[in-house]
Amino acid sequence: MDFTIRIQAEPFDSAAETAALTRGRAEIGAVVAFTGLCRDEGGRLAALELEHYPGMAEAEIGRIADQAASRWPLLGLTIVHRFGRIAPGEEIVLVVTASVHRQAAFEAASFLMDYLKTQAPFWKREHLKDGTVGTWVDAKEADDRAVERWR
Amino acid sequence: MKLVYFAWVRERVGRTDEQVVLPDGIATVADLVRWLKGRGEEYAYAFENEGVVRAAIDHVHVKPEARIEGAREIAFFPPMTGG
């Protein structure tokens, strides 16, 4: 099974990525696409800035993808993670999983997102509407708990 | 050995990366952190809360007790907030 993993500053098209993964693949019976968006935090936020660790980001996401592929019978997998400045409403991350049946596709997508949030080397900082640079976003305990349930 | 820093660890240390020559007796990541904290107040500030700052050796997450012998690049960074 070949993965597509991309780390990029540019926006991506979730529908086009999903179509590319499933095109001509009649054995696929289920495809799940999760897109994480930048929200405006009640109108406070002008943008998120995502810093990443080039080289390790690709390597770590590859290891997470390998784990998913060893746990679920996936027929296709695409992960795209953006870095740089991202405005509210824009997409940040995409996970597309394909399998014969829905359960594997759903579970693998959920697993991948839990691991991406806590293990992939990306850090978010807020830029506020009043022009100030806000704080680095704190890691959430809920995200650590979410990853624990897969262990 | 190359050290690299990210996010608020980078800001507190005041640099993105540096080459260091380590004295004898620095065997683990925890030893390295202890040595860095003695180099100046910016390092002491970056590593003030033991256990918060994460480390990676050659692009792989490691724990404080990991041995650093043979490492090309060691990274320090806050808990991750991607996705």
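As the structure is a computational prediction, the values presented were derived from the model and not from experiment.

(A) Up close: the overall build of chain A. Helix and strand content of chain A: four helices and eight strands. Reading the helices (α) and strands (β) of chain A from amino to carboxyl end gives β-α-β-β-α-β-β-β-α-β-β-α. Here the C-alpha atoms of chain A give a radius of gyration of 16 Å, agreeing with the 15 Å that 2.2 N^0.38 yields for 151 residues. C-alpha extents for chain A along the principal axes are approximately 50 × 35 × 30 Å. The proportion of buried residues among the 151 residues of chain A is 31%. Taking all contacts inside chain A whose residues are at least 6 apart in sequence as the whole, residues at least 24 apart take part in 76%.

(B) Local environment of the interface of chain A and chain B. Residue-level contacts link 21 residues of chain A with 14 residues of chain B. Of all the elements in the fold, those that place two or more residues in the side of chain A that touches chain B are helix 2 (56-71), helix 3 (102-119) and strand 7 (122-128) of chain A. Tallying contributions element by element places helix 3 of chain A first for the side of chain A that touches chain B, with five residues.

(C) Molecular detail of the sheet that holds strand 5 (residues 73-77) of chain B. Residues and elements named next belong to chain B. One open sheet holds the five strands; their spatial order is 2-1-5-3-4, and the pairing between them is mixed. Whereas interior strands pair on both sides, the edge strands pair on one side only; in this sheet they are strand 2 (17-19) and strand 4 (60-62). The mean angle between the axes of side-by-side strands here comes to 25°, regardless of whether they run parallel or antiparallel. As paired elements, strand 1 (residues 2-5) and strand 2 share three bridges and run antiparallel to each other. Its bridge partner lying in strand 2, Val 4 is registered against Asp 17.

(D) Representation of the sheet that holds strand 4 (residues 74-82) of chain A in the model. Residue and element names in this part refer to chain A. Taken in spatial order, the four strands line up as 1-4-6-2 in an open sheet, and their pairing is mixed. In the strand order of this sheet, the two ends are held by strand 1 (3-8) and strand 2 (30-37), each with one partner. Averaged over all pairs of adjacent strands, the angle between their axes in this sheet comes to 5°, without regard to strand direction. Bridging between strand 2 and strand 6 (residues 91-99) involves eight bridges; their strand directions are antiparallel. Among the inter-strand pairings, Phe 34 is bridged to a residue of strand 6, identified as Val 95. Against the sheet, helix 2 contacts strand 1 and strand 4, and its axis sits at roughly 155° relative to strand 4. The strands touched by helix 3 within the sheet are strand 2, strand 4 and strand 6, with strand 6 carrying the most contacts at an inclination of about 150°.

(E) Inspection of the confidence of the model for chain B at higher detail. In the predicted model, chain B carries a mean pLDDT of 96, and 100% of its residues have values of at least 70. For this predicted complex, the interface score ipTM comes out at 0.95, while the overall pTM is 0.95.

Calculation notes
- Residues numbered from 1 in each chain as written.
- Chains lettered and ligands numbered in written order.
- Predicted model: local features only at pLDDT ≥ 70, side-chain atom pairs only at ≥ 80, totals over all residues.
- Helix = DSSP H or I, 4+ residues; strand = E, 2+ residues; numbered from the N terminus.
- Rg over C-alpha atoms; globule rule 2.2 N^0.38 Å.
- Buried ≥ 20, exposed ≤ 12 C-beta atoms within 10 Å, placed from the backbone.
- Contact = placed C-beta atoms within 7 Å.
- Pairing = 2+ DSSP bridges.
- Axes fitted to C-alpha atoms, helices over the stretch in contact; angles between N-to-C directions.
- pLDDT = per-residue confidence, 0-100.

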